[in-house]
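A closer look at the structure
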Amino acid sequence: MRDVDSGTAKLLPDVDRARAWLLTVDGSPQSYVDLDDPTHLEFEYARRIAHVLDAAAPPHRALDVLHLGGGALTLPRYVAATRPGSRQRVVEADRGLLGLVAEHLPLPAGSWIEVRAADARAELEAAPDASADVIVADVFGGARVPAHLTSLEYARHCARVLRRDGRYAANLADGAPFAFLRSQVANFASVFPHVCLIAEPSMLRGRRFGNAVLVASHSELPVIALARRAAGDAFPARVEHGEALERFAAGAEPVGDAEAVGSPEPPGGAFSVG
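The sections below set out a description of the structure shown in this document. (Residues numbered from 1 in each chain as written. Predicted model: local features only at pLDDT ≥ 70, side-chain atom pairs only at ≥ 80, totals over all residues. Heavy atoms only, no water.)

A short note on the overall build of the protein
To keep it simple, the criterion reads: The secondary structure listing takes helices from DSSP runs of H or I that are at least 4 residues long and strands from runs of E that are at least 2 residues long, numbered from the N terminus. Throughout this description, buried means an accessible area under 20% of the type-specific maximum (1.4 Å probe, protein chains only), exposed means over 50%, and partly exposed covers the range between. For the accessible areas, the method is Shrake-Rupley and the probe is 1.4 Å, while residue cover comes only from the protein chains on display. A positive count includes Lys and Arg, and a negative count includes Asp and Glu. His and the chain ends are not counted in either. One atom stands in for each charge, and that atom is NZ of Lys, CZ of Arg, CG of Asp or CD of Glu.
Check the secondary structure of the protein and you find nine helices and 12 strands. The proportion of buried residues among the 274 residues of the protein is 52%. Total accessible area computed for the protein in this model is approximately 12,000 Å², and 52% of it derives from carbon and sulfur atoms. Between the mean site of the 28 positive side-chain charges and the mean site of the 35 negative ones, the protein shows a separation of 4 Å.

Focus: helix H5 (residues 152–161)
To be explicit about the condition: Should any heavy atoms of two residues lie within 4.5 Å, those residues are considered in contact.
Three or more residues of H5 are buried, namely Leu152, Tyr154, Ala155, Cys158, Ala159 and Val161. The secondary structure elements touched by the buried residues of H5 are strand E5 (64–68), helix H4 (120–126), strand E8 (132–137), strand E9 (162–174) and helix H6 (179–189).

Some points on the side chain of Glu200
By the element assignment, Glu200 lies in the loop between strand E10 (194–199) and helix H7 (201–204). In this structure, Glu200 is in contact with Arg48, Arg208, Phe235, Pro236 and Ala237, ignoring residues within four places of it in sequence.

Considering H6
Along H6, nine of the 11 residues are buried, which leaves the element largely enclosed by surrounding structure. Among all positions in H6, only Phe180, Leu181, Arg182, Ser183, Gln184, Val185, Ala186, Asn187 and Phe188 are buried. Contact partners of the buried residues in H6: H5, E9, E10, H7, strand E11 (210–217) and helix H9 (242–248).

Here we look at the environment of Leu204
Here Leu204 shows up in helix H7. Not counting residues within four places of it along the chain, the set of residues in contact with Leu204 comprises Phe178, Leu197, Ala199, Arg238, Glu240 and Phe248.

Focus: unusual backbone geometry
Look at the link from Ala176 to Pro177: it is a cis peptide, with omega at 10°. Structurally, the position occupied by Pro177 is in the loop between E9 and H6. In the Ramachandran plot, Leu73 falls in the positive-phi region, its phi being about 65° despite a non-glycine side chain. The residue Leu73 is located in the loop between E5 and helix H2 (74–82) in this model. Phi is positive for Ala130, close to 50°, though the residue is something other than glycine.

Quick word on the packing of aromatic side chains
How we decide: We call Phe, Tyr and Trp rings a pair once their centres come within 6.5 Å, taking the six-membered ring for Trp, and we label the pair stacked below 30 degrees between planes, edge-to-face above 60, and tilted otherwise.
Per the stated rule, a full pass over the model turns up six aromatic pairs. Consider the rings of Phe43 and Tyr45, whose centres lie 5.9 Å apart with planes at 40°: the pair is tilted. Across this residue pair, the class does not change: Phe43 and Tyr45 are buried. Seen from their ring centres, Tyr168 and Phe188 are 4.5 Å apart, and the 20° between their planes marks the pair as stacked.

Observations regarding the sheet that holds strand E7 (residues 113–117)
Within a beta sheet, neighbouring strands are joined by backbone hydrogen bonds and run either parallel or antiparallel to one another. The test is simple: For two strands to be treated as a pair, DSSP must find at least two bridges joining them. The axes used here are C-alpha line fits, helices contributing only the stretch in contact, and every angle between their N-to-C directions lies in the interval 0 to 180 degrees.
Pairing is mixed in the open sheet, where eight strands are placed in the order E7-E6-E5-E8-E9-E11-E10-E12. Only two strands of the sheet have a single neighbouring strand rather than two, namely E7 and strand E12 (238–241). Taken pair by pair, the neighbouring strands of this sheet meet at an average axis angle of 15°, ignoring direction. Taken together, the four bridges between E10 and E12 define a ladder with antiparallel strand orientation. Looking at E12, one finds that Ile198 is bridged to Val239. Its contacts with the sheet put helix H3 (residues 95–104) on strand E6 (87–92) and E7, and the angle it makes with E7 is roughly 145°. Strand contacts of H6: E9, E10 and E11, with the helix running at about 170° to E9, the strand carrying the most contacts.

Shown next as structure tokens:
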């Protein structure tokens, strides 16, 4: 247990895997890492983002990836293992958390992962045009996505930094009536011609609060391939796109910086770990 910038962090060992750890901050799960097998992804949302990464280019081709939010560096480790030689930059605002991860969950040598202690929006705005093949956004202050990463202006910067065939993938959390998630779809659909949403059917039906992965691109998305991968997970998900996604977001308007708000606070016990 250690106090970090955003709260109290704990590393909890997985009794079933020798060098696997769950990172929590103030009781909310942040990351799961298996140091012996970085391709083992325990969290379903991480598996769904990994599907996007896997489909972003032919197998083993190196990628330039910008990670907004670091946690225990689960997805950067995954990319380093599955696409050796990829150049990755991770932006994490919590210096205390970075210190804890570097001490107890060090990156393997030669991983080509650069980690910066900085604000995600500021680093995104400073990034060169068309410099990333993939942007992965997994930024939570406690259990909420910060407001400055939920606006139309933020989406426009993502569009500027991504290459023509690039992919944006964000971990978001919401529950019915999905005011926040619908606004995020509206933001990105106003900037990118191709958008989809990956989530469990029960979550999209409003039966529970949960995670959804928003995916956006300047070029056509491989929705059929993503749907097949998501359907084969332990907790199957579906891919909403096209008319179905338009119906989901109907009536939602893009939200600018002045009106942007963070994602909703999860209901008690939704993600907490004792």
